[in-house]
Amino acid sequence: MPNLNSILPPFSVPTDWDSVSKLYPIQSDSIWLNFCGISPISTYAKETMADFFDEYSRYGIFAPRYSEPKIKEHIRQKIAEILACEPHNIGLVHNTSEGMNLYSQSISLPKGSRILIIENEYPSNVYPWEHWQKKGVKIDFVPVGKTPEEFLGNLENEFRKEKVSLLSISPVHWCFGMPFNMEKISKICKSYEALLVVDGSQSVGHVTSEFVKWEVDFAVFAAWKWLLGPLGMGVVYISDKVPKDFEIIFKGAGSVKNDSNYLPYRSERKPPADQFEHSTANFNDWVYFLASLHMLSEIGFSKVKNRIYEVADKISLRLKALGFTLDSDFYPDLKSGIIGVNGFANGKPFVPEEIFAFLKQKKIYSAVRLGRLRLAPHIPVTESHIDKLESELKEYLNL
Ligand SMILES: Cc1ncc(COP(=O)(O)O)c(C=O)c1O
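Draft legend 1. Structural context of the overall build of the protein chain. The helix and strand tally for the protein chain stands at eleven helices and 13 strands. In terms of overall size, the protein chain behaves like a compact globule, its C-alpha atoms giving a radius of gyration of 22 Å where 399 residues would be expected to give roughly 21 Å. Pairs at least 24 apart in sequence give 69% of the contacts found in the protein chain among residues at least 6 apart.

Below, the structure written as structure tokens:
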């Protein structure tokens, strides 16, 4: 396969984090602290799109550098690198809900068994399971508790109660960032012979995601969060343990082998991961996504992950020094890119909506979730952004 450098415009790796931040024009005028919501575009992805559109305008679908099979294979390879799996385990979809629904509707679960989901889970990992209730499979929600250990205890209790056939979990809580112990969770699932499904939207890109080691059966995640990709693009992972005759409930023009030969109609399906693309793809997004993955991989996936933690830790320290309490106070040794600010140490009233609005008017973008002020930095957030955040919060607090 051709080297990525012969396809995409050259990416020169910045020598320091301040220069990385400059790849994100939004960070010169404001501070984006909602990378677990929707990430802004980098100049590198923007330039790649311009380059692609230039080639597409001249050659149409015969654009020599941007051919669909090549771009797809490179995306799969980069994701396989992040997940330590094989490219054939990876398929491309539009979002978490779509991938989760497709999987949920295509498997069988025993009547009378239960599906477990964590309490207050994001709807994309709840609604796709609801159809099972009409088929005699119950859905139960596991309380998260204050620490990952407490959660494990709650989970084991649930498993002990009644037959569980599937657990679908996000390795990091989307509202306040608690990271779950996936190795232990995987062991519990295996000992009870339950399928393990991962919603990786809040974890892939900033948490080590060893899907093969964790024996994950299926996973899906959005591209536009920790992977800095485009809106409306998602990725699925499907394990090799899936039956060979696995068929997605929907059949589209792209579901069968050799789909570019339209006639005669055929029944032989593509391999499992490929079936998630039913037909003509959102190819522009694929190019944007590959540019983002290339940028992250050139900087270094693991360097990126550590930098996210470094910045999140620095922000957390400043917040605590200002008197805020954090969800992570209960698990200080664990790392997460999502900071949940949940109150003041001195017990004074905490109104996250008010802090959110104050910061927004200062062009510092956060979110409010489940009674917390949620902050989620990524590599474009620098030490000077942290200083500015601190000084604006001091103004809010009249310090
Ligand atoms: C845990 C989790 N899953 C999934 C999503 C995104 O869902 P979808 O891809 O269906 O838009 C989010 C978005 O915030 C999320 O936090």
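Okay, back to it.
Draft legend 2. Structural detail: the environment of Ser39. Looking at the secondary structure, you find Ser39 in the loop between β1 (31–32) and α3 (43–59). Separated by 188 residues in the primary sequence, Ser39 and Leu227 place their C-alpha atoms 8.5 Å from one another. Residues contacting Ser39, with those up to four places away along its chain left out, are Trp224, Lys225, Leu228 and His378.

Draft legend 3. Local environment of helix α6 (residues 148–161). Across its 14 residues, α6 extends 20 Å between first and last C-alpha, which sits within 8% of the 20 Å expected from 1.5 Å per residue. Buried within α6 are the following residues: Pro148, Phe151 and Leu155. For α6, the angular spread of the buried residues around the axis is 55°, confining them to a single face. Turned more than 90 degrees away from the buried face of α6, the exposed residues are Asn157, Arg160 and Lys161. Where α6 is buried, its residues touch β4 (138–142) and α7 (182–191).

Draft legend 4. Spotlight on the site of the ligand. Around the ligand, 13 residues are found, and the nearest of them are Asn95, Thr96, Ser97, Ser124 and Trp174. Here the residues of the shell around the ligand are counted per class, giving three nonpolar, nine polar and one charged.

Draft legend 5. Representation of the sheet that holds strand β10 (residues 339–344). If you walk across this open sheet you meet the four strands as β9-β10-β13-β12, and the pairing is antiparallel. Either end of the sheet is taken by a strand with one partner, and the two such strands are β9 (324–326) and β12 (367–369). Neighbour-to-neighbour, the strand axes of the sheet open up by a mean angle of 45°, direction not taken into account. Taken together, the three bridges between β10 and strand β13 (residues 372–375) define a ladder with antiparallel strand orientation. Bridged to Gly340 within β13 is Arg374. Packed on one face of the sheet, helix α9 (residues 301–321) meets β9, β10 and β13 and runs near 135° to β9.

Draft legend 6. Representation of the nonpolar core. With 110 residues, the main nonpolar core has Leu167, Leu196, Ala219, Val236, Tyr237 and Leu290 as its most contacted residues. For this core, the leading source of residues is helix α8 (residues 283–299), giving nine residues. Sequence-distant contacts of Leu290, that is, excluding residues within four places in its chain, are made with Leu8, Ile71, His74 and Ile75.

Draft legend 7. Focus on helix α4 (residues 68–83). A rise of 1.5 Å per residue sets the reference length of α4, with its 16 residues, at 22 Å; its end C-alpha atoms lie 22 Å apart and thus fit the reference within 8%. Considered for burial, the residues of α4 that qualify are Ile71, Lys72, His74, Ile75, Arg76, Lys78, Ile79, Ile82 and Leu83. In this fold, the buried residues of α4 make contact with β2 (90–93), β8 (234–238), α8 and α9. Where α4 terminates, the next one or two residues include Ala84, which has phi positive at roughly 50°.

Draft legend 8. Spotlight on the environment of Tyr127. Structurally, the position occupied by Tyr127 is in the loop between β3 (114–118) and β4. Along the backbone, Tyr127 and Asn101 are 26 residues apart, and their C-alpha atoms lie at a distance of 8.3 Å.

Draft legend 9. Seen up close, the packing of α6 against α7. For the pair α6 and α7, the least separation of the axes is 11 Å and the interaxial angle reads 10°. Relative to α7, the element α6 is oriented roughly parallel. Contacts from Leu152, Leu155, Glu156 and Phe159 in α6 reach Lys184, Ile185 and Ile188 in α7. Residue composition of the contact of α6 with α7, grouped by class: five nonpolar, no polar and two charged.

Draft legend 10. Molecular detail of the sheet that holds β4. The mixed open sheet is built from seven strands, whose spatial order is β2-β8-β7-β6-β5-β3-β4. In this open sheet, the two strands that pair with only one neighbour each are β2 and β4. Each strand of the sheet is rotated relative to its neighbour by a mean of 20°, with strand direction disregarded. Of the pairings in the sheet, the one linking β2 to β8 comprises four bridges and is antiparallel in character. Note that in β8 the partner of Leu92 across the bridge is Val235. Sitting on the sheet, helix α5 (residues 96–106) touches β2, β6 (195–199), β7 (218–222) and β8, and the angle it makes with β7 is about 160°.

Draft legend 11. Summary view of the packing of α9 against helix α11 (residues 383–396). Where α9 meets α11, the closest approach of the two axes is 10 Å, and the angle between their N-to-C directions is 20°. Taken as axis vectors, α9 and α11 run roughly parallel relative to one another. Crossing geometry of α9 relative to α11 is assigned as right-handed. Between α9 and α11, the residues in contact are Lys314, Ile315 and Arg318 and Ile386, Leu389 and Glu390, respectively.

Thresholds, definitions, all that
Residues numbered from 1 in each chain as written. Predicted model: local features only at pLDDT ≥ 70, side-chain atom pairs only at ≥ 80, totals over all residues. Helix = DSSP H or I, 4+ residues; strand = E, 2+ residues; numbered from the N terminus. Rg over C-alpha atoms; globule rule 2.2 N^0.38 Å. Contact = placed C-beta atoms within 7 Å. Expected span 1.5 Å × (residues − 1). Buried ≥ 20, exposed ≤ 12 C-beta atoms within 10 Å, placed from the backbone. Arc of directions from axis to C-beta. Near = placed C-beta within 6 Å. Nonpolar A, V, L, I, M, F, W, Y, C, P; charged D, E, K, R; others polar. Pairing = 2+ DSSP bridges. Axes fitted to C-alpha atoms, helices over the stretch in contact; angles between N-to-C directions. Core = buried A, V, L, I, M, F, W, Y, C linked by C-beta atoms within 7 Å. Parallel < 35°, antiparallel > 145°, perpendicular 65-115°, else oblique. Left-handed = near helix turned anticlockwise from the far one by under 90°.

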